[in-house]
Amino acid sequence: MSDRLQELRIVDPVLTTLARGYSNAKFVAESLFPIAPVEQEGGKIPQFGKEQFKLYKTERAIRAKSNRISPEGLTTIEYALTEHDEEYPMDYREEAASMFNLERHGTMVVTETIQLSREKAAADLAQNADNYPVGNKITLSGTSQFTHADSDPITVMETAKEALRGKIGKRPNTMIMGAATYKALKNHAKLIERIKYSMKGILTIDLMKEIFDVANIVVGEAVYASDDGVFADVWGDNVILAWVPENPGGAERSVYEPSFGYTLRKRNMPQVDKYTENGGKVRVVRSTDMYQVKMVGAESGYLIADTNG
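1. Overview of the overall build of the chain
- Assigned secondary structure in the chain consists of nine helices and 14 strands.
- For the chain, the spread of C-alpha atoms along the three principal axes comes to 70 × 65 × 35 Å.
- Across the 309 residues that make up the chain, the buried fraction comes to 40%.
- Here the analysis covers contacts within the chain between residues at least 6 apart in sequence; of these, 78% occur between residues at least 24 apart.
- Entry remark: accessible area of the chain is about 17,300 Å², with carbon and sulfur atoms responsible for 51%.
- Side chains of the chain carry 38 positive and 43 negative charges; the gap between the two charge centres is 8 Å.

Set out below in structure tokens:
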């Protein structure tokens with residue numbers, strides 16, 4: 001059925017390329033859940049535990065048997081992709097009067113709408129304390145919250161980093177925080193004290209990377225509106241520390257590489273197609289994506305919740 005539906009849709013290659021290349025700096029979900037293409041809409045992928053960090057016997061004597069790793073520790077989890085689509089209508093009279101390329105504009109609008117939905121799904125997953133094992137989360141309160149003058153963010157971060165190192169043998173290389181948390185940290189007296197002799201004189205993300213010794217720090221700035229039109233932050237007053245494999249060459253990600261999480265996406269998605277209605281007077285640009293945001297290595301992440309009072 002899916003192949004038949006694919007044949008009926010006429011995908012626009014130019015607008016599809018535009019959609020795939022579109023990005024918005026305020027969306028940061030892929031820092032925690034990088035895109036990994038999959039062939040099927042459902043199936044099983046590895047769930048990562050401690051097996052890949054075990055110290056195995058590797059030395060072999062002459063004419064001895066090869067050392068064999070027992071794979072009994074490998075477990076899998078199921079995934080099921082869901083389709084997400086939005087469309088943008090353009091009346092022929094609007095197009096004639098517009099100085100803009102409405103097809104390109106409509107493509108960016110529907111693409112960003114779907115990206116915001118994916119960002120919210122990732123944030124909800126990463127900020128849910130129930131998704132983390134014992135020892136991989138803490139909820140701050142009172143004087144420990146970063147908005148309190150007596151709090152010590154550096155110690156809180158170090159404790160979290162050491163907890164992860166004790167679980168997976170690696171310190172986290174990625175940190176995501178909400179905009180409210182970032183505001184509290186960049187004005188925190190103990191952090192300002194660390195950089196008071198800095199030439200910049202202000203606490204930047206790059207300086208935070210040095211203070212916390214985390215290679216990749218990003219701030220979630222995205223907001224969303226409720227049905228009543230009330231705006232709220234996608235990323236709340238939380239910090240997520242995680243191990244996510246580096247990808248300096250921009251190569252395609254593989255679900256077989258240990259990571260905190262992945263965004264599993266059907267290969268060759270997203271796609272943009274066009275169709276007409278109302279006797280050809282209205283043209284519609286439609287973007288379709290198919291994915292699932294999945295936490296595949298909960299022990300590789302640490303949640304610091306309620307950072308602000």
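2. Observations regarding the packing of helix H2 (residues 13-21) against helix H5 (residues 102-126)
- The interhelical angle for the contact between H2 and H5, taken along N-to-C directions, is 40 degrees, at an axis separation of 10 Å. Regarding the angle of H2 to H5, the classification is oblique. With respect to the hand of their crossing, H2 and H5 are arranged in right-handed fashion. The residues of H5 that touch H2, namely those facing Leu-15, Leu-18 and Ala-19, are Glu-103, Arg-104, Thr-107, Met-108 and Thr-111.
- Grouping the constituent residues of the contact of H2 with H5 by class yields four nonpolar, two polar and two charged.

3. Concerning the nonpolar core
- Counting 27 residues, the largest nonpolar core has Met-157, Met-175, Met-177, Phe-212, Leu-241 and Ile-304 as the members making the most contacts within it.
- Non-local contacts of Leu-241, meaning those with residues more than four positions away in its chain, are made with Met-157, Ala-160, Leu-164, Pro-172, Thr-174, Met-175, Val-214, Ser-300, Gly-301, Tyr-302 and Ile-304.
- One finds Ile-176, Val-218, Val-244 and Val-293 within the second-largest nonpolar core, a separate group that totals 24 residues.

4. Looking at the side chain of Gln-115
- Counting through the fold element by element, Gln-115 comes out in helix H5.
- Excluding its chain neighbours within four sequence positions, the residues that come into contact with Gln-115 are Tyr-22, Asn-24 and Phe-27.

5. Some points on the pattern of salt bridges
- Following the criterion strictly, the structure yields 14 salt bridges and no others.
- Close ionic contact of Arg-267 with Glu-39 constitutes a salt bridge, the shortest N to O distance being 2.6 Å. In this pair, Arg-267 is assigned in the loop between strand E11 (261-266) and strand E12 (271-277) and Glu-39 in the loop between strand E1 (35-38) and strand E2 (42-47), connecting sequence segments 228 residues apart.
- What makes Glu-39 partly exposed here is its relative accessible area of 46%.
- When the shortest N-O distance is used, the salt bridge between Lys-274 and Glu-103 registers 3.2 Å. Placement of the pair is Lys-274 in strand E12 and Glu-103 in helix H5, with a sequence separation of 171 residues.
- Assessed through its relative accessible area of 33%, Lys-274 is described here as partly exposed.
- On the basis of relative accessibility, which here comes to 14%, the residue Glu-103 falls in the buried class.

6. Structural notes on a negative patch on the surface
- Together, Glu-41, Glu-83, Asp-85, Glu-86, Glu-87 and Glu-277 make up a region of like negative charge exposed at the surface.
- One can find Glu-277 in strand E12.
- Since its relative accessible area comes to 37%, Glu-277 is described here as partly exposed.

7. Re the sheet that holds strand E7 (residues 216-220)
- Read from one edge of the open sheet, five strands run E5-E14-E10-E6-E7, paired in mixed fashion. Among the strands making up the open sheet, the edge pair consists of strand E5 (137-139) and E7. Along the sheet, successive strands turn relative to each other by an average axial angle of 10 degrees, direction set aside.
- Each of strand E6 (174-178), strand E10 (239-242) and strand E14 (301-305) is contacted by helix H6 (residues 153-168), which is oriented at about 155 degrees to E14, the strand it contacts most.
- Sitting on the sheet, helix H9 (residues 205-212) is in contact with E6 and E7, with an inclination near 130 degrees to E7.

8. Some thoughts on H5
- In this model H5 runs 36 Å from its N-terminal to its C-terminal C-alpha over 25 residues, within 8% of the 36 Å that 1.5 Å per residue would give.
- The backbone nitrogen of Glu-103 has a side-chain oxygen 3.1 Å away, supplied by the residue at the start of H5, namely Asn-101.

9. Some remarks on the environment of Pro-133
- Among the secondary structure elements, Pro-133 is positioned in the loop between H5 and E5.
- Among residues more than four places away in sequence, those in contact with Pro-133 are Lys-167, Ala-298 and Glu-299.

10. Let's talk about the pairing of strand E13 (residues 282-295)
- With respect to burial, E13 is a largely interior element, 11 of its 14 residues being buried.
- In this structure, strand E4 (residues 82-91) lies alongside E13, joined through 10 bridges in antiparallel fashion. Bridge pairing in E13 places Thr-82 opposite Tyr-291.
- Across five bridges, E11 lies against E13 in antiparallel orientation.

11. So, the packing of aromatic side chains
- Here the structure, examined in full by the defined rule, presents two aromatic pairs.
- Relative to Phe-260, the ring of Phe-33 lies with its centre 5.5 Å away and its plane at 50 degrees, an arrangement referred to as tilted. Taken together, the positions of Phe-33 in the loop between helix H3 (29-32) and E1 and Phe-260 in the loop between E10 and E11 put the pair 227 residues apart, joining distant regions of the chain.
- For Phe-33, a relative accessible area of 0% translates into the label buried.
- Each ring, one from Tyr-132 and one from Phe-260, has its centre 6.2 Å from the other, and the planes form 25 degrees; the classification is stacked. Remark: Phe-260 occurs in the loop between E10 and E11 and Tyr-132 occurs in the loop between H5 and E5; sequence separation between them is 128 residues.
- What links up through ring pairs into an aromatic cluster is the set Phe-33, Tyr-132 and Phe-260.
- Taking the ring centre of Tyr-291 as reference, the NZ or CZ of Arg-118 above it sits at 5.8 Å.
- The ring of Tyr-224 is capped by Lys-120, whose NZ or CZ atom sits 4.9 Å from the centre of that ring.

About the criteria used
Residues numbered from 1 in each chain as written. Predicted model: local features only at pLDDT ≥ 70, side-chain atom pairs only at ≥ 80, totals over all residues. Heavy atoms only, no water. Helix = DSSP H or I, 4+ residues; strand = E, 2+ residues; numbered from the N terminus. Buried < 20%, exposed > 50% of the residue type's maximum accessible area, 1.4 Å probe, protein only. Contact = heavy atoms within 4.5 Å. Areas by Shrake-Rupley, 256 points an atom, 1.4 Å probe, with all protein chains shown as cover. Lys, Arg positive; Asp, Glu negative; His and termini not counted. Charge placed at Lys NZ, Arg CZ, Asp CG, Glu CD. Axes fitted to C-alpha atoms, helices over the stretch in contact; angles between N-to-C directions. Parallel < 35°, antiparallel > 145°, perpendicular 65-115°, else oblique. Left-handed = near helix turned anticlockwise from the far one by under 90°. Nonpolar A, V, L, I, M, F, W, Y, C, P; charged D, E, K, R; others polar. Core = buried A, V, L, I, M, F, W, Y, C linked by side-chain atoms within 4.5 Å. Salt bridge = Lys/Arg side-chain N within 4 Å of Asp/Glu carboxyl O. Patch = residues over 30% accessible without salt bridge, like charges linked within 9 Å, V, L, I, M, F, W, Y side chains within 5 Å. Pairing = 2+ DSSP bridges. Expected span 1.5 Å × (residues − 1). Polar contact = N/O pair within 3.5 Å; in protein donor to acceptor, adjacent residues only side chain to side chain. Phe/Tyr/Trp six-rings, centres within 6.5 Å; stacked < 30°, edge-to-face > 60°. Lys NZ or Arg CZ within 6 Å of the ring centre and 35° of its normal.

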